[in-house]
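Working through the structure, step by step
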Amino acid sequence: MSSFDDGSTEASVHPQRPGIDVQRFRLVGVEGATAPFTWQSTREACSIGSHPSNEVVLEDSTVSRFHCEVRVDARGATVKDLGSKNGTSVDGVSVLEAFVREGSVIRVGGSAVRFELDRAQNRIEASSEERFGTLLGKSVAMRTTFAQLERASKSDITVLLEGETGTGKEGAAAAIHSASARRDRPLVVIDCSALPANLLESELFGHERGAFTGAEARRVGAFEEANGGTVLLDEIGELPVDLQPKLLRVLEQREVRRLGSNTPFPVDVRLIAATNRDLRTEINEGRFRSDLYFRLAVLRIHLPALRSRPEDLPLLAEHLLKELGKSDELPAICTPAFFATLNGSAWPGNVRELRNHLERCLLFQEAVPFNPPVQRGPREPLEVNPAVPFTVAKQSFIEDFERQYIAALLKQYPARVAQAAEAAGVDRAYLYRLMRKYQLKSQ
């Protein structure tokens, strides 16, 4: 096990039991209303802010509710601003995210804390498995994630899955459901970013006949459909503010009321939410309710980006190539030189981007170049009519984009809706809904 004396950090695997050791650290208050104080870490990260749910609470009006996060991992010790109002600085330099070293002073609003390292280690649970559901990885980052997913599957606890697009949040939710006691009941997925607010409310809670124009029959919502099972709310950060208290009521009272009805009925569901945003930043910006966040974030699980676990690339590539080739044997292109080329990209689209790249390589039976950045020329100005209400004009533009995008997508993937959905990064059921909405058919 390495110490942190030189300002660096290294996670080491314990030889006797599954788990990793990460450097323990302290935060010492040196300025502000709550100074002096000393806070000792028990895990790899902590958040600093004025809200009492933070690990380090600073009673200072200049400190945001969720101001910044300090984390120790294989890269070192870092501090990340969470969209605070007055910013975060390290040793006098304003930062969004930066490395910190022994003795660095982190200023948040009118308060300041000193970062100190400890010779002791904190034990973080890690799975002995290299797979959980469809997720694969032998890296420390993935095995610690697997340990959390395994723990989540053994209870009905509400889970918030966090991570960039393409990291496998929907697959993680499906794996939790499949490994839980609710596995024989439905898993219903709702993409909160895919529907306008009026339709999303109906998708979530259902409606009675005549509840609004076009409601010609009663509709069962996601919570009612999933009764006894699990609801996954994907991209929960996109949930409109006016729907957030209604979702909070479902979580608190475990009952749903359809649109157009005054009679609530009980539901027995397990809720999993997923987001590629940091909801603490959304709270600071007033776009997400803090009370709903705490109901969702009973257990937060972060899905690591692919660039942070490069040792998993060969394992993932082998699995995906076999899956794409529908064979247990690796294709002829799989050579050490081919796998080495995969380290040439930062994979901003994560596993989804890797899969698409490997599909192209399989088609051409060679290591094709990575996608070059799209060169965007000047856009034609939009024709805007200020006489039209903003919301109406905005919805019209969205629908025009959706119609054109789906038409082009189906043209590129004729008679292959599943592949089209995967390429677009959307759920197949959602793609079918858009096709029905715009009366488009796969060629």
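Read on for a plain summary of the structure. Residue indices begin from 1 for each chain and proceed along its sequence in written order. At least 70 in pLDDT is required for a residue's local features to be given in this predicted model, at least 80 for side-chain atom pairs to be given and counted, and no such filter applies to totals for whole chains, interfaces and linings, which use all residues. Side-chain metrics rest on all non-hydrogen atoms present in the structure, leaving aside hydrogens and water.

Quick look at the pattern of salt bridges
Convention followed: By convention in these notes, a salt bridge is any Lys or Arg side-chain nitrogen within 4 Å of a carboxyl oxygen on Asp or Glu. Here a strand is any run of E in DSSP of at least two residues, a helix any run of H or I of at least four, and the numbering for each starts at the N terminus. Exposure is judged per residue with a 1.4 Å probe applied to protein chains only, and the accessible area is read against the type maximum: over 50% gives exposed, under 20% gives buried, and values in between give partly exposed.
Enumeration over the complete set of coordinates arrives at 29 salt bridges. The salt bridge involving R26 is made with E116; its shortest N-O contact spans 3.2 Å. A residue pair is termed long-range when its members are at least 10 positions apart, and R26 in strand β2 (residues 20-31) and E116 in strand β12 (residues 111-124) qualify at 90 residues. When the shortest N-O distance is used, the salt bridge between R107 and E31 registers 2.6 Å. In this pair, R107 is assigned in strand β11 (residues 105-108) and E31 in strand β2, connecting sequence segments 76 residues apart. A relative accessible area of 30% means that R107 is categorised as partly exposed.

Some words on the environment of R183
As a reminder of what qualifies: Contacts are assigned to residue pairs with any non-hydrogen atoms lying within 4.5 Å of each other. Counting of polar contacts relies on pairs of N or O atoms within 3.5 Å, with two restrictions inside protein: one atom must be capable of donating a hydrogen and the other of accepting it, and residues adjacent in sequence are counted only when both atoms are side-chain atoms.
Inspection of the secondary structure assignment puts R183 in the loop between α2 (169-178) and β16 (187-191). For the pair R183 and F370, spaced 187 residues apart in sequence, the C-alpha separation works out to 39 Å. Sequence-distant contacts of R183, that is, excluding residues within four places in its chain, are made with H177 and S178. Side-chain polar atoms of R183 contact the backbone oxygen of S178, separated by 3.1 Å.

Quick look at the packing of aromatic side chains
Each aromatic ring pair is described using two quantities: the centre-to-centre distance and the angle formed by the ring planes. Put simply, the test is: Stacked, tilted and edge-to-face are the three classes assigned to paired rings of Phe, Tyr and Trp, where Trp is represented by its six-membered ring and a pair needs centres within 6.5 Å; plane angles under 30 degrees give stacked, over 60 edge-to-face, the rest tilted.
Counting across every chain of the model gives 8 aromatic pairs. Measuring from ring centre to ring centre gives 5.3 Å for Y293 and F294, while their planes differ by 70°; the resulting arrangement is edge-to-face. What makes F294 partly exposed here is its relative accessible area of 29%. Taken together, the aromatic side chains of F25, W39 and F115 make up a single cluster linked through ring pairs.

A look at the side chain of D81
Counted only if it meets this: A positive count includes Lys and Arg, and a negative count includes Asp and Glu. His and the chain ends are not counted in either.
Looking at the element boundaries, D81 is found in strand β7 (residues 76-81). There is no salt bridge for the buried D81, and the closest opposite charge comes from K80, which lies 9.5 Å off by N-O distance. At 2.6 Å, the side chain of D81 and the side chain of T88 are in polar contact. Other than its neighbours up to four places away in sequence, D81 contacts H67, C68, G87, T88, V95 and L96.

Considering the nonpolar core
Our working rule: Among the buried residues, those of types Ala, Val, Leu, Ile, Met, Phe, Trp, Tyr and Cys that are joined through side-chain atoms within 4.5 Å form a nonpolar core.
Core analysis: the biggest nonpolar cluster contains 48 residues, and F223, L233, I236 and L239 have the highest contact counts within it. Setting aside anything within four residues of it in sequence, one finds L233 in contact with I190, C192, L204, L247, L271, I272, A273 and A274.

Details of the sheet that holds β16
Worth spelling out the cut-off: Should DSSP find at least two bridges between two strands, the strands are taken to pair. Orientation is described by lines fitted to C-alpha atoms, with helices fitted over the stretch in contact, and by angles between N-to-C directions that extend from 0 to 180 degrees.
Ordered in space as β16-β17-β20-β15-β21, the 5 strands form an open sheet in which the pairing is parallel. Sheet topology places β16 and β21 (299-302) at the edges, where each strand pairs with a single neighbour. Strand-to-strand twist of the sheet, defined as the mean angle between neighbouring strand axes without regard to direction, takes the value 20°. Note: strand β15 (residues 159-162) against strand β20 (residues 270-275), 4 bridges, orientation parallel. Note that in β20 the partner of E162 across the bridge is T275. The strands that helix α1 (residues 140-153) touches are β15, β20 and β21; relative to β21, the one it contacts most, it runs at about 145°.

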